[in-house]
Amino acid sequence: MGLPPAAASALACRVRFAPSPTGFLHLGGLRTALYNYIFAKKHGGRFILRLEDTDQSRLVPGAAEGIEDMLQWAGIPPDESPRCGGPAAPYLQSQRLPLYREAVEQLLEKGAAYRCFCTPQRLELLKKAALRNQETPRYDNRCRHLSPKQVAEKVTQGADCVVRFRLEEGSEPFHDLVYGWSKHEVARVEGDPVILKSDGFPTYHLANVVDDHLMGISHVLRGAEWLISTSKHLLLYRAFGWDPPRFAHLPLLLNADGSKLSKRQGHVFVEHLAQDGYLPAALLDIITNCGSGFAENRMGRTLEELVAEFDVGRIEKYSALLDLEKLGEFNRIHLAQQIRDERRRPALVAEVQASVERAFGEQLVDRGVLEKAYVEQVLLLRRGHISRLRDLVSPQHAFLWIRPMVSHEELQAISPEAEEIGRLVLELLDQPVATLTIEELGRELRQLPERVQATKYSAMMKLLRVALSGQQQGPSIAEMMVSLGHRETRTRIRRALCS
Ligand code: GLU
């Protein structure tokens, strides 16, 4: 089940994203996945998704599928994964138990690991005593000293046991691609860690090291919270006699105020943000923009540009501060880019058509508004003004799809010359204005106040806005007219103003 040697050498750069399916993918996880993806693409390597589900008590149903779905949605699909398989399958740790047991056997044989029969009660007592003395609780390594005979006896008696790794002193310093030289003398501060639990499941440290080795992982890019564990992992590599991968620990992603991104904040989940109508490109941009790894930061970077401009050596040690308040702005920029892109536009048109249908359905008097050409024009005109596609079905934009209900009294209250103004606009529209640009139409409209007595330009625009859209705010009148088209504009003006 390890990577065949031929595959290993052909795929020199292999990185992995190794989340535990204990919840849905959040922005911090997406960022780790993204840096791995970018690194793989940059170096012609493979991006692997491995699900670390060895702590069965913390599994959340649906989380594993959700994580893979979200990577797909974000446009950073893994090359190898539980769902798509690959040369190092399986990619779900719970399906690799025999491999861990075999690895543990190796360590037991070498004397690098030992069986521990301490009961949970004893461990609890140790912990309490340490806390009473204001010390960090640690296992006292008692079972290290059991003789082979004692171990054999306990095994024959069927006593419950775990396997612990014998932490040796003499951790070697290692060079992290982000944090530089680092060393943590684990044996001095920790008791021997459990590597195989009594239920036959490995713990994180063992499974992680065994899999990184068997899957031929060349570089481990993971959150900085694991930096401290790396010395322990290196001791495991040494005990196995394996070459370790290179490590690059990624600084944490924090809220703009420096607080921890809490998974209790709904808006940090990728799935929620996707449902809220944010584009994958905007999320990828905002989570890299606040960090480092690039010569400069700018808004609007696409995934291709991220890959082209990324340099792991430029990742700084400071935490990345994520300002989600700016997400709307990031989305606006990416949406405008995608509307401009002829290859992407059809999908956006289809999405708008579906949401208009959903939002207005039977209210649609004229189903012509669902036609591709009309929707495309709306998108091109509103590009840069809306931050999410769904803004197009907001009350402010409803006029694009349905006729507004406008009360005569409301219009009269804006200007007693409403009817006169209506006539002037109809006259204006009698000219071949269909060919006018928004700017030309705007100029014509600005000249209208000269032809009425008491209505100022601003009131006139307010009047026309209400007549055309039933709203107090929205796009410019000229843009509204161009969007609605000559006929529909005339119909609305006539109905609202010229009774
Ligand atoms: N399962 C660990 C996590 O969820 C993986 C850490 C690593 O990448 O080694 O963060």
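What you see is a predicted model; the values in this text were computed from it and never measured. (Residues numbered from 1 in each chain as written. Predicted model: local features only at pLDDT ≥ 70, side-chain atom pairs only at ≥ 80, totals over all residues. Heavy atoms only, no water.)

Caption draft 1: The site of the ligand, seen in detail. All residues in the neighbourhood of the ligand are listed as Arg16, Ala18, Pro19, Ser20, Glu52, Tyr204, Asn208, Arg222 and Trp226. Between Ala18 and the ligand, the recorded distance is 2.8 Å, taken from a backbone N or O atom to a nitrogen atom. Contact between the ligand and Asn208: an oxygen atom at 2.9 Å from a side-chain N or O atom of the residue. When the free accessible area of the ligand is taken as 300 Å², the share hidden by the protein chains comes to 83%. Split into classes, the residues belonging to the shell around the ligand amount to four nonpolar, two polar and three charged. (Near = heavy atom within 4 Å. Polar contact = N/O pair within 3.5 Å; in protein donor to acceptor, adjacent residues only side chain to side chain. Areas by Shrake-Rupley, 256 points an atom, 1.4 Å probe, with all protein chains shown as cover. Nonpolar A, V, L, I, M, F, W, Y, C, P; charged D, E, K, R; others polar.)

Caption draft 2: Structural view of the pairing of strand β8 (residues 219-223). Burial runs high along β8: five of the five residues are buried. Here five bridges tie β8 to strand β9 (residues 246-250), and the two strands are oriented parallel to one another. Residue pairing across strands places Leu221 opposite Ala248, the latter belonging to β9. In terms of handedness, the path from β8 via helix α9 (residues 230-240) over to β9 forms a crossover that is right-handed. (Buried < 20%, exposed > 50% of the residue type's maximum accessible area, 1.4 Å probe, protein only. Helix = DSSP H or I, 4+ residues; strand = E, 2+ residues; numbered from the N terminus. Pairing = 2+ DSSP bridges. Right-handed = clockwise from strand over helix to strand, strands pointing away.)

Caption draft 3: How the structure looks around the packing of helix α14 (residues 345-360) against helix α15 (residues 372-382). Contact geometry for α14 and α15: axes closest at 10 Å, N-to-C directions at 105°. As the angle between them shows, α14 and α15 are arranged roughly perpendicular. On the side of α14, the interface is formed by Arg345, Leu348, Val349, Val352 and Gln353, while α15 contributes Lys372, Val375, Glu376, Leu379 and Leu380. Here the contact of α14 with α15 is composed, by residue class, of six nonpolar, one polar and three charged. (Axes fitted to C-alpha atoms, helices over the stretch in contact; angles between N-to-C directions. Parallel < 35°, antiparallel > 145°, perpendicular 65-115°, else oblique. Contact = heavy atoms within 4.5 Å.)

Caption draft 4: Main features of the environment of Arg188. Along the chain, Arg188 falls in helix α7 (residues 186-189). C-alpha separation for the pair Arg188 and Ala103, spaced 85 residues apart in sequence, amounts to 25 Å.

Caption draft 5: View of the environment of Leu71. Here Leu71 lies in helix α3 (residues 63-74). When the C-alpha positions of Leu71 and Ile421 are compared, they lie 55 Å apart, and in sequence the two are 350 residues distant. Not counting chain neighbours up to four residues away, the residues in contact with Leu71 comprise Phe17, Leu25, Ala33, Phe47, Leu49, Ile76, Pro77 and Pro78.

Caption draft 6: Quick look at the pairing of strand β4 (residues 162-165). Alternating residues of β4 divide into Val162 and Arg164 and Val163 and Phe165, and every residue in both groups is buried. When strand β3 (residues 113-116) meets β4, the two strands line up antiparallel, connected through four bridges. Looking at the pairing, Cys116 lines up with Val162 of β4. Examined bridge by bridge, β4 and strand β7 (residues 194-196) share two bridges and lie antiparallel to one another.

Caption draft 7: Summary view of the pattern of salt bridges. One pass over the structure, following the stated rule, counts 34 salt bridges. For Arg298, the salt bridge is made with Glu296, and the minimal N-O distance between the two is 3.0 Å. Looking at Arg298, the relative accessible area reads 27%, which means it is partly exposed. Using a relative accessible area of 42% as the deciding quantity, one classes Glu296 as partly exposed. The salt bridge involving Glu376 is made with Lys372; its shortest N-O contact spans 3.9 Å. With Glu376 and Lys372 both in helix α15, this residue pair falls four residues apart, about one helical turn. Three or more residues joined by partner-sharing salt bridges are found here, namely Arg16, Arg50, Glu52, Arg96, Asp211 and Asp212. (Salt bridge = Lys/Arg side-chain N within 4 Å of Asp/Glu carboxyl O.)

Caption draft 8: A look at α14. Taking 1.5 Å as the rise per residue, α14 with 16 residues should run 22 Å; its terminal C-alpha atoms sit 22 Å apart, in good agreement. The set of residues buried in α14 consists of Arg345, Leu348, Val349, Val352, Ser355, Val356 and Phe360. Along α14, the residues classed as buried sweep out an arc of 135° about the axis, all on the same side. More than 90 degrees from the buried face of α14, the exposed residues found are Ala347 and Arg358. In this structure, the buried residues of α14 make contact with α13 (327-340) and α15. Positive backbone phi, at 30°, marks Gly361, one or two positions downstream of α14. (Expected span 1.5 Å × (residues − 1). Arc of directions from axis to C-beta.)

Caption draft 9: Focus on the state of the cysteines. All told, the structure shown has zero disulfides when counted by the stated rule. Lacking any disulfide linkage, Cys161 is separated from the closest cysteine sulfur, that of Cys116, by 8.2 Å. (Disulfide = S-S within 2.5 Å.)

Caption draft 10: Broad picture of the side chain of Arg301. Note that Arg301 resides in the loop between α11 (280-289) and α12 (303-309). Those residues within four positions of Arg301 in sequence are excluded, and the remaining contacts are Asp285, Asn289, Phe294, Glu296, Leu306, Glu309 and His334.

Caption draft 11: Broad picture of the nonpolar core. Ranked by size, the top nonpolar core spans 140 residues in total, and within it Leu27, Leu30, Ile76, Leu107 and Trp401 carry the most contacts. It is helix α2 (residues 27-42) that provides the largest number of residues to this core, a total of nine residues. With near-sequence residues (within four places) excluded, Leu107 lies in contact with Ala112, Ala113, Phe165, Ile195, Leu206, Leu236, Ala239 and Phe240. Membership of the second largest hydrophobic core comes to six residues, among which are Tyr114, Cys118, Cys143 and Val162. (Core = buried A, V, L, I, M, F, W, Y, C linked by side-chain atoms within 4.5 Å.)

Caption draft 12: Spatial organisation of the sheet that holds β4. Strand order across the open sheet formed by three strands is β3-β4-β7, with antiparallel pairing between neighbours. For this open sheet the edge positions go to β3 and β7, each flanked by a neighbour on one side alone. Sheet twist, expressed as the mean angle between neighbouring strand axes with direction ignored, is 45°.

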